[in-house]
Amino acid sequence: MRELNELSEWRAVGDESRAAGRVVGLVPTMGALHDGHRALIRAAKDHGDLVVATIFVNPRQFNDADDLARYPRTLAADREVAASAGVDVLVVPTLEAMWPDFPGATRTSVHVAELGDVLEGEGRPGHFAGVASVVAKLFSLTGACRAYFGEKDFQQLAVVRQMVRDLSMPVEVVNCPIVRDADGLALSSRNVRLSPSGRARALALSRAIAAVANGPATASSLRALLRATLDEAALAVEYADVVDSHHLRAMGDDASGPARAVVAAVVEGVRLIDNGPVELVKG
Ligand code: AMP
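Residues numbered from 1 in each chain as written. Predicted model: local features only at pLDDT ≥ 70, side-chain atom pairs only at ≥ 80, totals over all residues. Heavy atoms only, no water.

Undergrad: Before we go on, may I ask you to explain the layout of surface pockets in this structure?
TA: For the largest pocket, the calculated volume is near 240 Å³. A breakdown of the residues in the lining of the largest pocket according to their chemical character gives twelve nonpolar, two polar and two charged. (1 Å grid on protein atoms, 1.4 Å probe; cavity = no way out; pocket = protein on both sides within 12 Å on 5 of 7 lines; lining within 4 Å. Points joined across faces, edges and corners; volume = space filled by probe spheres on them. Nonpolar A, V, L, I, M, F, W, Y, C, P; charged D, E, K, R; others polar.)

Quick look at the structure:
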């Protein structure tokens, strides 16, 4: 596995790979790699891509300074995970290279209206502008590629897909299913901050998502079931909703067919999210 930090080398990797007829498979991450990230790397490998994984804790997508300061940074371990999972090139850019003006005003920002303003966007103002801006930059540096994103961050996927469509970026976005621990908790780099009892309470999120996956019902009854499951564990719920998968608009009881259940809650100061598919029937 090759590791590089320079943006010029990164750009050359994409150019050379495409010139050799090889598709670049981009796996953007913020490090603290776990089996969820491994699954994205494997998916890129399975497509036969030249796998470029990036590790960059992007300060522009954190609206909480404490969350940024406490974000796990485990580069030595990440190198081992990346190499063993099959990454060909590991890119670890510096903050100075990515956002030379930070923390001063960065003049260019990508805002995906509506999709980026609801759900996570309400609880974390500016989050998706930070995400879309950094992902746009990763795509610009990588060039034409396939890019792998986890459904764990369902809204992020929707925002990235919309940005790629609207700006005609030469990127094929690939969804990868959520990877969970044996007890159901969706893997997340932030889970290490939970105590054993916090972790046990956090299981209410995946329980809620599993509860609504069992067969068709009206949007309002599924919403109530999500809420009841989270309330049972006395979690600080930020949202528990049933939305359409593309525009993330709340579904009414006149809706039928496939939709997405999405939940967010804070446990021991750690913000956790989960989501899963649901089937709606009209009320
Ligand atoms: P992060 O390092 O948390 O920014 O995540 C980098 C990528 O890994 C994103 O596309 C995430 O959606 C994806 N990812 C994180 N956790 C999981 C998971 N449990 N299952 C699937 N993908 C994940």
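Undergrad: Would you mind showing me how to read the packing of aromatic side chains here?
TA: Think of a pair of aromatic rings as described by two things: how far the centres are apart, and how the planes are tilted against each other in angle. Scanning the entire structure with this criterion turns up two aromatic pairs. When the ring of Phe62 is compared with that of Tyr71, the centres are 5.6 Å apart and the planes differ by 80 degrees; the resulting orientation is edge-to-face. Tyr71 matches Phe62 in its accessibility class, with the two residues each being buried. For Arg60, the ring lying beneath its charged end belongs to Trp99, and the centroid distance is 4.3 Å. (Phe/Tyr/Trp six-rings, centres within 6.5 Å; stacked < 30°, edge-to-face > 60°. Buried < 20%, exposed > 50% of the residue type's maximum accessible area, 1.4 Å probe, protein only. Lys NZ or Arg CZ within 6 Å of the ring centre and 35° of its normal.)

Undergrad: I keep staring at the sheet that holds strand β6 (residues 171-176) and nothing clicks. Help me out?
TA: Two orientations exist for strands paired in a sheet by backbone hydrogen bonds: parallel and antiparallel. Read across the sheet, six strands follow the order β1-β4-β3-β2-β5-β6 without closing on themselves; strand pairing throughout is parallel. Every other strand in the sheet has two partners, leaving β1 (2-4) and β6 as the edge strands with one partner each. In this sheet, neighbouring strand axes are inclined to one another by 25 degrees on average, regardless of whether the strands run parallel or antiparallel. Alignment of strand β2 (residues 24-29) against strand β3 (residues 50-55), held across six bridges, turns out to be parallel. The residue bridging Gly25 from the neighbouring strand is Val51, located in β3. Contacts from helix α7 (residues 127-142) reach β2, β3, β5 (145-150) and β6 within the one sheet, and its direction differs from that of β2 by about 150 degrees. (Pairing = 2+ DSSP bridges. Helix = DSSP H or I, 4+ residues; strand = E, 2+ residues; numbered from the N terminus. Axes fitted to C-alpha atoms, helices over the stretch in contact; angles between N-to-C directions. Contact = heavy atoms within 4.5 Å.)

Undergrad: How do you make sense of helix α1 (residues 7-19) when you look at a structure like this?
TA: One full turn of an α-helix is made of 3.6 residues, so residues set three or four places apart face in the same direction. Given a rise of 1.5 Å per residue, 13 residues ought to cover 18 Å, and the 19 Å separating the end C-alpha atoms of α1 matches this to within 8%. All buried positions along α1 are accounted for by Leu7, Trp10, Val13, Gly14 and Ser17. The buried side chains of α1 occupy one side of the element, clustering within an arc of 115 degrees when seen end-on. Facing away from the buried surface of α1 by more than 90 degrees, the exposed residues are Ser8, Glu16 and Ala19. The secondary structure elements touched by the buried residues of α1 are β1, β2, β3, β4 (89-91), α5 (95-98) and α7. Two residues or fewer after α1 comes Gly21, characterised by a positive phi angle close to 80 degrees. (Expected span 1.5 Å × (residues − 1). Arc of directions from axis to C-beta.)

Undergrad: Is there a simple way to explain the site of the ligand in this structure?
TA: Near the ligand you find 17 residues, and of these Met30, His37, Asp153, Val179 and Leu187 are the closest. Asp153 places a side-chain nitrogen or oxygen 2.7 Å from an oxygen atom of the ligand. Leu187 is positioned such that a nitrogen or oxygen atom in its backbone is 2.9 Å from a nitrogen atom of the ligand. For the ligand, the protein covers 93% of the area, taking 480 Å² as the surface of the free molecule. Of all elements in the fold, only β2, α2 (35-46) and β5 reach the threshold of two or more residues within the shell around the ligand. When residues in the shell around the ligand are grouped by element, the largest group, three residues, is from α2. Taken together, the residues of the shell around the ligand sort by class into nine nonpolar, six polar and two charged. (Near = heavy atom within 4 Å. Polar contact = N/O pair within 3.5 Å; in protein donor to acceptor, adjacent residues only side chain to side chain. Areas by Shrake-Rupley, 256 points an atom, 1.4 Å probe, with all protein chains shown as cover.)

Undergrad: In this structure, what is going on with helix α8 (residues 154-166)? I would like to understand it.
TA: An ideal rise of 1.5 Å per residue puts 18 Å on 13 residues; α8 measures up with 18 Å between its terminal C-alpha atoms. For α8, the buried fraction is high: ten of the 13 residues fall into the buried class. Buried within α8 we find Phe154, Gln155, Gln156, Leu157, Ala158, Val159, Val160, Gln162, Met163 and Val164. Where α8 is buried, its residues contact α6 (120-123), α7, β5, β6, β8 (257-267) and β9 (270-280). In the segment just after α8, Ser168 is the residue with positive phi, at about 50 degrees.

Read these as geometric descriptors, not functional statements.
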